[in-house]
Amino acid sequence: MPAVKIKVTQEKFDEHFSIDDWFNFGQISNTEMYAKMILFVVDDEGNEVSPEQARKMFKAIPKKEWPEYVAQFMTAVRDAFVSPTNGGS
C-alpha cells in the first residue's frame, strides 16, 4: 500500500484543473504533475491534507517510486470520472 494516499473527486479535479490542463493532462511535466498531485493527498482516514503536509509526506518517498504515484494519481482521476455502475457510458 502506498505511503501517500491520493483521492480525486470530480468536483475537486474541476476546481484545480483548467480546461487547458484537462485537454493536455497526458502531456504535463513531472513538475506540473507533482504540483497538481499534492492537492489531492489525504491522510489514513481519507481527510484532505494541506499542500505543505503533502510535500512533507512526499519527502519520505524515494524518487524511484515516482512512477507508482503518477500511476496512482492517473488511476484516481480516471476512476473519479467513470461511473462504477455503467463504466461511464
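That block above? That's the structure.
The following refers to the structure shown. Here the structure is a predicted model, which is why all the values come from computation and not from measurement. (Residues numbered from 1 in each chain as written. Predicted model: local features only at pLDDT ≥ 70, side-chain atom pairs only at ≥ 80, totals over all residues. Heavy atoms only, no water.)

### Considering the overall build of the chain
Regarding its fold elements, the chain presents 5 helices and 2 strands. In the chain, the order of α-helices and β-strands from amino to carboxyl end is β-α-α-α-β-α-α. Across the 89 residues in the chain, those meeting the buried criterion constitute 30%. Within the chain, contacts between residues separated by at least 24 positions form 68% of all contacts whose residues are at least 6 apart in sequence. Of the roughly 6,100 Å² of accessible surface on the chain, 53% is carried by carbon and sulfur atoms. (Helix = DSSP H or I, 4+ residues; strand = E, 2+ residues; numbered from the N terminus. Buried < 20%, exposed > 50% of the residue type's maximum accessible area, 1.4 Å probe, protein only. Contact = heavy atoms within 4.5 Å. Areas by Shrake-Rupley, 256 points an atom, 1.4 Å probe, with all protein chains shown as cover.)

### Some thoughts on the packing of helix 3 (residues 30–37) against helix 5 (residues 66–81)
For the pair helix 3 and helix 5, the least separation of the axes is 11 Å and the interaxial angle reads 60°. With respect to their mutual orientation, helix 3 and helix 5 come out oblique. Classified by chirality, the crossing of helix 5 by helix 3 is left-handed. Residues Asn30, Met33, Tyr34, Lys36 and Met37 of helix 3 form the contact with helix 5, whose own contacting residues are Trp66, Tyr69, Val70, Phe73 and Met74. Residue classes in the contact of helix 3 with helix 5 are distributed as 8 nonpolar, 1 polar and 1 charged. (Axes fitted to C-alpha atoms, helices over the stretch in contact; angles between N-to-C directions. Parallel < 35°, antiparallel > 145°, perpendicular 65-115°, else oblique. Left-handed = near helix turned anticlockwise from the far one by under 90°. Nonpolar A, V, L, I, M, F, W, Y, C, P; charged D, E, K, R; others polar.)

### Points about helix 3
Buried within helix 3 are the following residues: Met33, Lys36 and Met37. Viewed end-on, helix 3 has its buried residues packed into an arc of 100°, placing them on one side of the element. (Arc of directions from axis to C-beta.)

### Some remarks on the packing of aromatic side chains
Following the criterion strictly, the structure yields 13 aromatic pairs and no others. Note on phenylalanine 13 and tryptophan 22: the rings are 5.2 Å apart at their centroids and 80° apart in plane angle, and the pair reads as edge-to-face. Since its relative accessible area comes to 2%, phenylalanine 13 is described here as buried. Judged by relative accessible area, which is 41%, tryptophan 22 ranks as partly exposed. (Phe/Tyr/Trp six-rings, centres within 6.5 Å; stacked < 30°, edge-to-face > 60°.)

### Points about a nonpolar patch on the surface
A cluster of nonpolar side chains, namely Ile19, Trp22 and Phe23, defines an oily patch on the protein surface of about 400 Å² accessible area. With respect to the helices, strands and loops of the structure, tryptophan 22 is situated in helix 2 (residues 19–23). (Patch = residues over 30% accessible without salt bridge, like charges linked within 9 Å, V, L, I, M, F, W, Y side chains within 5 Å. Salt bridge = Lys/Arg side-chain N within 4 Å of Asp/Glu carboxyl O.)

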